[in-house]
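Examination of the molecular architecture
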Amino acid sequence: MDCIFCKIAAGEIPAKKLYEDEHAVAFADINPKAPVHLLIIPRQHIASLAEVGASEEEKTLVGHLHGIANELARRQNLGNGYRIVINTGPDGGQTVDHLHLHLLGGRAMHWPPG
Ligand code: 5GP
Ligand code: ZN
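What to know about the overall build of the protein
Scanning the protein from N- to C-terminus turns up 3 helices and 5 strands. Reading the protein from its N terminus to its C terminus gives the helix and strand order α-β-β-β-α-β-α-β. Dimensions of the protein along its principal axes, counting C-alpha atoms only, are 35 × 30 × 25 Å. Burial statistics for the protein: of 114 residues in total, 36% are counted as buried. When contacts within the protein are restricted to residue pairs at least 6 apart in sequence, those whose partners lie at least 24 apart make up 54%. Put simply, the protein shows about 6800 Å² of open surface, and 53% of that area lies on carbon and sulfur atoms.

Listed below in structure tokens is the structure:
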């Protein structure tokens, strides 16, 4: 599978990893859009949030990714708030077809997003 995030998860492409466990990996975005910009991904290749099925396992996995984001936000001292984004599909602005949560913080975010 020619997927850049699968390769990062497997350690085949370097990334600044901040968290790893059996099911998920978190690393710094290569082109940060905020002072803190991390990506949280499942090790399993799931192309997008739209591909997440109704199984308890996959729903638990998506919850787990959010829990990691919350824990990393704490570690990054984002007590003033942060934003989680999951760009999904072409209209959602997704450019890497491996499910990922963006954790953005360290500045006030704009609303509505572009
Ligand atoms: P998307 O646009 O799909 O929601 O987000 C993809 C994100 O992955 C972008 O913010 C982009 O900067 C980041 N990205 C793309 N390629 C790499 C890479 O090779 N390494 C890292 N660390 N981030 C990447
Ligand atoms: Zn992948």
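Looking at the site of ligand 1
In the region of ligand 1, 17 residues are neighbours, and A28, D29, N87, T95 and H102 sit closest. H100 is positioned with one of its side-chain polar atoms (N or O) 2.9 Å from an oxygen atom of ligand 1. Taking H102, its side chain carries an N or O atom lying 2.8 Å from an oxygen atom of ligand 1. When atom positions are compared with the pocket grids, ligand 1 is found to occupy the largest pocket. Broken down by secondary-structure element, the contributors of at least two residues to the shell around ligand 1 are α1 (4–10), β2 (24–28) and β3 (36–42). With 3 residues, α1 is the single largest residue contributor to the shell around ligand 1. Across the shell around ligand 1, the residue classes break down as 8 nonpolar, 8 polar and 1 charged.

A short note on the packing of aromatic side chains
With the rule as written, the count across this model stands at 1 aromatic pair. Here F5 and F27 contribute two aromatic rings whose centre-to-centre distance is 5.4 Å and whose plane-to-plane angle is 80 degrees, an arrangement assigned as edge-to-face. With F5 in helix α1 and F27 in strand β2, the pair connects residues that are 22 residues apart, well separated along the chain. This pair shows no difference in class: F5 is buried, exactly as F27 is.

A word on the coordination of the zinc ion (ligand 2)
The zinc ion (ligand 2) binds to the protein through C3 (SG), C6 (SG), H45 (ND1) and H98 (ND1), with metal-donor distances spanning 2.0 to 2.3 Å. Geometry at the zinc ion (ligand 2) is tetrahedral, judged from its 4 donor atoms and the angles of 106 to 115 degrees they form at the metal. Each donor residue of the zinc ion (ligand 2) lies on the same chain, and together they follow the pattern C-x2-C-x38-H-x52-H. Pair noted here: C6 is in helix α1 and H98 is in the loop between α3 (89–92) and β5 (101–105), with a separation of 92 residues, a long-range link. On the basis of relative accessibility, which here comes to 18%, the residue C6 falls in the buried class. The class of H98 is buried, set by a relative accessible area of 0%.

About the thresholds
- Residues numbered from 1 in each chain as written.
- Chains lettered and ligands numbered in written order.
- Predicted model: local features only at pLDDT ≥ 70, side-chain atom pairs only at ≥ 80, totals over all residues.
- Heavy atoms only, no water.
- Helix = DSSP H or I, 4+ residues; strand = E, 2+ residues; numbered from the N terminus.
- Buried < 20%, exposed > 50% of the residue type's maximum accessible area, 1.4 Å probe, protein only.
- Contact = heavy atoms within 4.5 Å.
- Areas by Shrake-Rupley, 256 points an atom, 1.4 Å probe, with all protein chains shown as cover.
- Near = heavy atom within 4 Å.
- Polar contact = N/O pair within 3.5 Å; in protein donor to acceptor, adjacent residues only side chain to side chain.
- 1 Å grid on protein atoms, 1.4 Å probe; cavity = no way out; pocket = protein on both sides within 12 Å on 5 of 7 lines; lining within 4 Å.
- Sits in = over half its atoms within 2 Å of the grid points.
- Nonpolar A, V, L, I, M, F, W, Y, C, P; charged D, E, K, R; others polar.
- Phe/Tyr/Trp six-rings, centres within 6.5 Å; stacked < 30°, edge-to-face > 60°.
- Donors = N, O, S within 2.8 Å, 3.2 Å for Na, K, Ca; no water.
- Tetrahedral: all angles 85-135°; square planar, octahedral: opposite > 155°, others 65-115°.

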